Each structure stands twice: as structure tokens, then as C-alpha cells.
Amino acid sequence: AIEQYRRSHPASERLHQQALGVLPGGNTRSVLFFDPFPPYMVRGEGCHLWDADGHRYLDALGEYTAGLYGHSDPAIRAAVSEALHSGLSLSSHTEREGLLARELQRRFPSMELLRFTNSGTEANLMALATATAVTERRKVLVFKGAYHGGVLAFGQGGSPVNVPYEWVVARYNDLEDVRAQVAAHGKDLAAILVEPMLGSGGCIPGEPHFLQGLRALADEKGALLILDEVMTSRLSFGGRQSQLGIRPDLTTLGKYFGGGLSFGAFGGRADLMARYDPRRPQAWQHAGTFNNNVLTMAAGLAGLKHLLTAERLDALNRRGDALRTKLNKMLEAQGVPLQLTGLGSLMQLHPLAGPLRSADDLVAADDRVKALMFFELLGRSVYMARRGFIALSLPFGDAECMRLEHAMGEAVNARRGLWP
Ligand code: PMP
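For clarity, every value in this text was computed on a predicted model and none was experimentally measured. (Residues numbered from 1 in each chain as written. Predicted model: local features only at pLDDT ≥ 70, side-chain atom pairs only at ≥ 80, totals over all residues.)

### Overview of unusual backbone geometry
Trans is the prevailing form of peptide bonds, just as negative phi is the prevailing case for residues other than glycine.
Item 1. Of note, the amide linkage connecting Asp35 to Pro36 takes the cis form, showing an omega dihedral of 0 degrees.
Item 2. The phi angle at Ser91 is positive, at roughly 55 degrees, despite the residue not being glycine.
Item 3. With respect to the element layout, Ser91 can be found in the loop between helix 3 (74-85) and helix 4 (95-107).
Item 4. Positive phi, normally seen in glycine, also occurs at Asn173, with a value near 60 degrees.
Item 5. With respect to the element layout, Asn173 can be found in the loop between strand 6 (166-170) and helix 6 (175-185).
Item 6. Here Asn173 falls in the buried class, since 21 other C-beta atoms lie within 10 Å of it. (Helix = DSSP H or I, 4+ residues; strand = E, 2+ residues; numbered from the N terminus. Buried ≥ 20, exposed ≤ 12 C-beta atoms within 10 Å, placed from the backbone.)

Have a look at this one:
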């Protein structure tokens, strides 16, 4: 499958060769790379992508959830274009940031005050900085398998380039383990930082009692609960927190809220966020040249005002649930130990049987099996993440779901005997 891929992508290979001397491995986004080289996309429209070699793909990756609106939506294009014509960097407050903030607050009432950043990573860094500054404590409880950004990654073995907080790493969906860690570190704990579903870590949903338990434990120890909803915010109008009835102290957002442009936001309790109010004596600094960049504010606002109604979002998540159920039924009927986990429009393929509740349950996954499915799908013009992640976009309709199901079914049959 890889040889066939190489032969049919000479232009992508050439572009990759050009990038090799200047970017390490030709890469500036770790998550996009795979051997021998990734396809170089040149155009997107709706839920389709075209690569430099002229292939057209069904886009089942959706820019790792940032592409919720699909490519080149007319409403977003119009808003960006209009903003472009009035000048890009105005060195000032603009009306748009207040409007976008209000749209977010309407969806996330726990964000009594909020601020913008340029990425989800930065939003999490700011939330952590806020928590450690407020509590005057240094330890942060996170979860094995969690991903909160390039310098906040807790996959197998952790990451040497993580920011140097004093991390306490607990098992996801294991309240007993959290209780033990909190008992040991509680009085030094500034925050519990958690994704309501491990996203990059494999679309492992947090069980409601587990997440609710974290709220109670944080309160008990005077630590802040930070919900990273960078991915899960799309699961309902008010994100995962509204579905679970959990009110975090701080929430972090990112991805599609910028309408497809670089975006992040952090916010929560007014008493915490008011420390950044520049009218206050000794106000905390949170600058950032592009925090209110005109194009992001315009694109984000257009998306929330014109495209993302609660009804459309619910329909998309129902479509995702139905797709995941169908794929799992098909895989089970085919007798292959592959399954998809996830919630709503977010899902992840695992070459594993059995219930998957934490990162420890995923260590036995054979990456070669994931590679096989990835290349088989790519050969059938379906583009998902190399690691098996799928995020549906609004233009991804029932016909596209059927196409994906068909391609995966064909892939399973074409490689009979190679699945574990
Ligand atoms: N938090 C979560 C849950 C994420 O999935 C991501 C990105 N995949 C981030 C934070 C980081 O966001 P960004 O890539 O915008 O820095």
C-alpha cells in the first residue's frame, strides 16, 4: 500500500524533498507527518481536499476539529474578505472581539469573563498560569494520555519539551487513583486540568461520575478545575460541560471557534479573570499582538452567527454517533478486532477489542494495523489522521458517511488475513 502511495504521489514527494533541508523532517506540525511523506494538499472545498498530485479526497480529518465549517464556506469567506478590505492590523481594540466574546459566553455561561489567545496551547498555558498565580501553588494534576498542546502532552512516556510545572499524572477515568494522588499532593495542587474526552489520546470519553468527581475533589483541596474543551466544545451548543452539568473554574477553547483561523480562548470565574483587568492596580499582564487579530475575530464571528446553530451542531453529532455505530457493527460483522471510540462527530479507530477507558488500555495497539487502514483508505480517496482520528465537518453529510463506511468495508476485505 505504501509503495502504491509513493508511486501515485510524485508531486507531493518532490515538495517534501524541498522542505527537508529547512524544516526538520520537512515538518512543522508533528501530528501531520508520516512515512514516507504526507500528501501535500493544495485546495479544499466543502468536505473535500485536493493534493498536489491531482487526487481528490473525502476529508474525514477536518483539520483535527478546527475545520468544523468545512473548507471555504461562503459566509466565512465573505467575512474574511470584508475584514481584509478594512485593514488587517489596526493597533487597537475593535468591535469584533467583544462580539465574539459575547457569542462564546452565550454558549459557555461558566466563562463569565474570557480572553483570546492564538492557539489552544496558549489558552491552556494561560489557564495554568492563572491557576498557579491565584493559588500560589505549583503542582498540576493531569492525565496519562492527555494532550493540551505541544508543550503540554502526556502521552506514553510524557514529553521532554513539556513546560516545567510540577506535574502529577493520574489515570483517566480512575477516581480512586485521582483520590490517592490528591491525598498525597492536595495542599500543593494549583489545578486539575482535564479534557472531558481524551481527544488526541484516542477519543476516550470521560465518564460522567469521574468528571463530576474531579469537580468535588478540586473544591475539597482548593484547587481550580480547568476543563480543556478545545476539542469537546463541539459536542453541544454549550460544550461537554453543559451536557454533564459541570461548572469549571476555567475553560479553554480553540480550534473551530476561529472560523478556521488560528484561535484560542481561556476564561471562567469573574473573580479570577478580573485580575487581568488593566484598570486594576497591579493587574496581571496578558498581552499578545494577535490576540484580537481581525481575520480570526471576523471568521469566528461569522461562523457562530451564521453557521453554527444548536440544531446544526446536534444534527452533526447525531450523524457522527450513527456513523460510529454503523462502522462498529460492520467491523464486528467482518470479525476484525477494530473498533471506533468517541462521542458525536469525533472518533478514533483502535486496533483493539474490549472496553477502552484509559491510556493504559491502548498500549497494546499495533501501529502497523493503523497504518494499513490509513493507507487503504487513502488509496480509496478518504483522508483521515494517520493515527486513526476522524472529525466530521458540517458539510460531511449522509452520503459522505456512506462513502466512508463503504471504503472502510472494502479496505477490511482487501486485506483479509492482515488484521490481527
Ligand atoms: N487541547 C486539546 C484538547 C487539543 O486537542 C489541542 C489540539 N489538538 C490543543 C489543546 C492545542 O490546541 P492548538 O493546536 O490550537 O495549540
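So much for the structure itself; the text now carries on.
### Here we look at the domain arrangement of the chain
Item 1. The domains assigned to the chain are domain 1 (2-68 + 310-414) and domain 2 (74-307).
Item 2. Computed from C-alpha atoms alone, the centre-to-centre distance between domain 1 and domain 2 is 26 Å.
Item 3. The partner domain 2 presents 23 residues to the 24 residues of domain 1 that form the contact.
Item 4. Within the residue set of the side of domain 1 that touches domain 2, elements represented by two or more residues are helix 11 (310-334), strand 13 (339-343) and strand 14 (346-350).
Item 5. A total of four residues in the side of domain 1 that touches domain 2 trace back to one element, the largest contributor, which is strand 14.
Item 6. Classifying every residue of the side of domain 1 that touches domain 2 gives twelve nonpolar, ten polar and two charged. (Domains from an automatic or database assignment. Contact = placed C-beta atoms within 7 Å. Nonpolar A, V, L, I, M, F, W, Y, C, P; charged D, E, K, R; others polar.)

### Section: the sheet that holds strand 10 (residues 224-228)
Item 1. Pairing in this open sheet of seven strands is mixed, and the strands run 4-12-11-10-7-5-6 from one edge to the other. Either end of the sheet is taken by a strand with one partner, and the two such strands are strand 4 (113-117) and strand 6. Along the sheet, successive strands turn relative to each other by an average axial angle of 20 degrees, direction set aside.
Item 2. The pairing of strand 4 with strand 12 (residues 264-268) spans five bridges and is antiparallel. Within strand 12, the residue paired with Arg115 across the bridge is Phe266.
Item 3. Taken strand by strand, helix 5 (residues 120-135) contacts strand 4, strand 5 (139-143), strand 7 (189-194), strand 10, strand 11 (250-254) and strand 12, and its axis lies near 165 degrees from that of strand 11. (Pairing = 2+ DSSP bridges. Axes fitted to C-alpha atoms, helices over the stretch in contact; angles between N-to-C directions.)

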